[in-house]
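# Fold and contact review
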Amino acid sequence: MLQLKSLLLGTCFSLIFSFSFAQALKKVTKKTKIDACTLVEKYQVLKSDSEVKHGDYSAQILTYTEKGQYNLGKQSGIWEFSRNTEVHQKFDFSTGKFLSDQPSKFIKKIILQDNNDKPGKEIEAKNFYLGGDPKMLTIVKKCLKYPREAMENNVMGEALLSATLTKEGEIINEKAESQLGFGLEEEWLRVFKLIPPTWVPIMVNGKPVDAKLYFRFKFTLVTI
């Protein structure tokens, strides 16, 4: 009988604790303008600290969506990234690895950097962006504008820019590498900087490293 009472008392305390913790959260809907796009995020935060996300998270840009979980401010578990409701990428934050992904058409090549920021070995041009090409393409297609000067002079071609992906997962030192001119490189660079920086560090032998990534975009004029 005493054991039964202890069990019931423990269950009640557990339920009270769970209920209290649930009440300590509040729902948030945040809209962020990204040029011609709007990023809509839905998540929960602690009432005691509105900067700390906890629980279910979802985000949407036009037909692109992503969903996952936060655990006291940190992304956790398996996240799914979709476009037109079709999942194209999964990432496991518990292991720091992609469970499924598609090759990137934006990334042309990746060159590792040594400790002195000098070029090292070139590696396979895999995707290291959470959301992949569909997320980037959604923003690029909506926000990129063909420069008038390039249109008037019928200039087309592949614009190339480079950026450093640091071991901390940050993109820095973005700059144009091609010389098409007529504002094409400048426009590609402008739109690239609009893309939310959800990058994953490149790992070599279990350690994060700096790398230089080259990103391409082909400008094409369509005649009717």
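Our structure's up above, just so we're on the same page.
Notes on the structure in this doc start here. Note that the structure is a prediction, hence the values are computed from the model and not measured.

## Description of the overall build of the protein chain
Tallying secondary structure elements over the protein chain gives four helices and 14 strands in all. Going through the 224 residues of the protein chain one by one, you find that 38% of them count as buried. As presented, the protein chain carries roughly 13,900 Å² of accessible surface, and 53% of it is formed by carbon and sulfur atoms.

## Thoughts on the pattern of salt bridges
As a working rule, side chains carrying opposite charge can pair if their charged atoms are close by. One pass over the structure, following the stated rule, counts eight salt bridges. The partner of E66 in a salt bridge is K135, and the shortest N-O contact between them spans 3.3 Å. Of the two residues, E66 sits in strand β4 (residues 64–71) while K135 sits in helix α2 (residues 132–143), which places them 69 residues apart along the sequence. Considered together, E66 and K135 belong to a single accessibility category, that of buried residues. Linking E177 and K212 is a salt bridge whose minimum nitrogen-to-oxygen distance equals 3.9 Å. Remark: K212 occurs in strand β14 (residues 211–219) and E177 occurs in the loop between β11 (171–176) and α4 (184–192); sequence separation between them is 35 residues. You can call E177 partly exposed: its relative accessible area is 32%. Connected through shared salt-bridge partners, D35, K145, E187 and R190 make up one network.

## Digging into the sheet that holds strand β6 (residues 86–92)
The antiparallel open sheet is built from seven strands, whose spatial order is β1-β2-β3-β4-β5-β6-β7. The sheet terminates laterally at β1 (25–34) and β7 (97–100), the two strands that pair on one side only. Strand after strand, the sheet turns through a mean of 25 degrees between neighbouring axes, direction not considered.

## Some thoughts on the side chain of T166
Topologically, T166 is positioned in the loop between β10 (157–165) and β11. Note on T166: relative accessible area 7%, which makes it buried. Not counting residues up to four positions away in its chain, the partners in contact with T166 are I172, P201, V209 and D210.

## Here we look at the nonpolar core
Counting residues in hydrophobic clusters, the biggest one holds 49 residues, and the most contacted among them are W188, I202, L213 and F215. Setting aside residues no more than four positions away along its own chain, F215 makes contact with F106, I107, A159, L160, L161, A163, W188, F192 and W199.

## Re the packing of aromatic side chains
Taken as a whole and assessed by the stated rule, the structure comprises 15 aromatic pairs. A ring pair is formed by F192 and F215, whose centres lie 4.6 Å apart and whose planes are at 45 degrees; its orientation type is tilted. With F192 in helix α4 and F215 in strand β14, this residue pair connects regions lying 23 residues apart in the sequence. The same class applies to F192 as to F215, namely buried. Relative to F219, the ring of F217 has its centre 5.0 Å away and its plane inclined at 80 degrees; by these criteria the two rings are edge-to-face. Take F217 and F219: they sit in the same class, and that class is buried. An aromatic cluster of at least three residues, connected via ring pairs, comprises F106, Y129, Y146, W188, F192, W199, F215, F217 and F219. The residue whose ring lies beneath K53 is Y70, and the NZ or CZ to ring-centre distance is 5.3 Å.

Rules of the game
Residues numbered from 1 in each chain as written. Predicted model: local features only at pLDDT ≥ 70, side-chain atom pairs only at ≥ 80, totals over all residues. Heavy atoms only, no water. Helix = DSSP H or I, 4+ residues; strand = E, 2+ residues; numbered from the N terminus. Buried < 20%, exposed > 50% of the residue type's maximum accessible area, 1.4 Å probe, protein only. Areas by Shrake-Rupley, 256 points an atom, 1.4 Å probe, with all protein chains shown as cover. Salt bridge = Lys/Arg side-chain N within 4 Å of Asp/Glu carboxyl O. Pairing = 2+ DSSP bridges. Axes fitted to C-alpha atoms, helices over the stretch in contact; angles between N-to-C directions. Contact = heavy atoms within 4.5 Å. Core = buried A, V, L, I, M, F, W, Y, C linked by side-chain atoms within 4.5 Å. Phe/Tyr/Trp six-rings, centres within 6.5 Å; stacked < 30°, edge-to-face > 60°. Lys NZ or Arg CZ within 6 Å of the ring centre and 35° of its normal.

These figures come from the coordinates and say nothing about function on their own.
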